[in-house]
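Working through the structure, step by step
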Amino acid sequence: MSSLALNQINKNYGPNLAVLKDINLHIESGEFLVLLGPSGCGKSTLLHAIAGLHGVTSGEIRLDGKVINDLPCQHRDIAMVFQSYALYPSMTVSQNIAFPLQMRKVSREKQVAGVQGVAKLLQIEHLLDRKPSQLSGGQRQRVAIGRALVREPSIFLFDEPLSNLDALLRVEMRTELKKLHQRMGKTTVYVTHDQIEAMTLATRIAILDKGTLQQVGTPNEVYDKPANTFVATFIGAPRINLVDGAVVRTASGLTARFGNAEDVIPLPAALVPHLMHANPVCTFGIRPENFAVGGAGGVGDNDIDIDVIVELIEPTGSDDVIIFKFGGNEMTARLRAGSITSLGKNRLRLTTTKLIAFIKQSGNRIG
Ligand SMILES: Nc1ncnc2c1ncn2[C@@H]1O[C@H](COP(=O)(O)OP(=O)(O)OP(=O)(O)O)[C@@H](O)[C@H]1O
Ligand SMILES: [Mg+2]
């Protein structure tokens, strides 16, 4: 089991292209850290630097406390699974998996035992004599994982290993990977731009944008307490509603008014101390699932009913996604299927304790 520390990592391609900016990230032994971010933000660059496929411009990479910047990749005891699987087409599955052992001049008996072991674990024993061209995408992916596993590395790196698979297989393989990690407990760094993959697999998520780390936290932390509007928007589907609201003091306490809406939204107690003074207008974040159907039954202390104009109802099976206008702003709610059946005027219930506030100018979370 191994820990990994990235200290002030910078990577430039030429004088004007900074791809990684001051990355500080400590990955504990046994962690499943997911690097999440949009295309081009530097995820693969960071993973390749950890693997030793290329160097960094400045900063330190430490494996179990030892600086490994100058250690060639074959000596790093780190195994990587690529998006493309990169299997050798002329070799059988068995030969592909044995290859890293062969390179290390491991004895023939140990190679056979190693291949048998991972084949059993990944349930590909019946495929060992096939060539990669005779396998499905999911099977190829298992072989690529097998080839990484057989070395018994201290750290696993995955670069979008599921992105070539169809939606159903992707979900299946995601579960397999999670089970594998639970069984083996190997330190893992996993790159994806799929936020659902990140949420389901990670012990912690590191969110990257334009080469800068935005936030590192457990899935719940980044979801409930996003560091800024970028993180808030990147995580969660349907997307969080971000709406500018004026902070207004009323007889019943501090409230937010969205656009020209008649209903004002009482602000949660936790936010009040932060909003009293400096922030007359904030950007508020409301997750679509913080809405329910309004009107009927008692309204709880933390809930408020608001008048909205429903414009669209999108069924997704168990839930409906409701697109509506509130105070002139277009917003999204996720409700149990069939909760709302008519377009136009409706009443929705909002759980106000879940409200998140951001500084309008910087986008940083308040509180
Ligand atoms: N060898 C290179 N020379 C110059 N620029 C490069 C090189 N490799 C990558 N880049 C640039 O560095 C940035 C980060 O690339 P990287 O491959 O790390 O992104 P990514 O987050 O993995 O994206 P994706 O999700 O599309 O795989 C991009 O703007 C890319 O164009
Ligand atoms: Mg990439």
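For the structure itself, look to the data block above.
Small disclaimer: the values here were computed from a predicted structure and weren't measured.

Some thoughts on the site of ligand 1
Residues in contact with ligand 1, as listed here, are Tyr-13, Leu-17, Val-19, Pro-38, Ser-39, Gly-40, Cys-41, Gly-42, Lys-43, Ser-44, Thr-45 and Glu-160. Here an oxygen atom of ligand 1 sits 2.7 Å away from a polar atom, N or O, in the main chain of Gly-40. Summarising the interface, the protein chains cover 58% of the accessible area of ligand 1, which totals 650 Å² for the free molecule. With three residues, the top contributor of residues to the shell around ligand 1 is helix α1 (residues 43-51). Taken together, the residues that form the shell around ligand 1 break down as five nonpolar, five polar and two charged.

Overview of the sheet that holds strand β5 (residues 66-67)
The strand order β2-β1-β4-β5 describes an open sheet built from four strands, whose pairing is antiparallel. With partners counted over all chains shown, the strands left at the sheet margins are β2 (18-27) and β5, one partner each. Of the pairings in the sheet, the one linking strand β4 (residues 58-63) to β5 comprises two bridges and is antiparallel in character. Bridge assignment links Leu-63 to a residue of β5, and that residue is Lys-66.

Comments concerning the pattern of salt bridges
For the coordinates displayed, the defined rule picks out nine salt bridges. Asp-319 is paired through a salt bridge with Arg-334; the nearest N and O atoms lie 3.2 Å apart. Highlighted residues: Asp-319 in strand β17 (residues 319-326) and Arg-334 in strand β18 (residues 329-336), separated in sequence by 15 residues. Note on Arg-334: relative accessible area 29%, which makes it partly exposed.

The rules behind these values
Residues numbered from 1 in each chain as written. Chains lettered and ligands numbered in written order. Predicted model: local features only at pLDDT ≥ 70, side-chain atom pairs only at ≥ 80, totals over all residues. Heavy atoms only, no water. Near = heavy atom within 4 Å. Polar contact = N/O pair within 3.5 Å; in protein donor to acceptor, adjacent residues only side chain to side chain. Areas by Shrake-Rupley, 256 points an atom, 1.4 Å probe, with all protein chains shown as cover. Helix = DSSP H or I, 4+ residues; strand = E, 2+ residues; numbered from the N terminus. Nonpolar A, V, L, I, M, F, W, Y, C, P; charged D, E, K, R; others polar. Pairing = 2+ DSSP bridges. Salt bridge = Lys/Arg side-chain N within 4 Å of Asp/Glu carboxyl O. Buried < 20%, exposed > 50% of the residue type's maximum accessible area, 1.4 Å probe, protein only.

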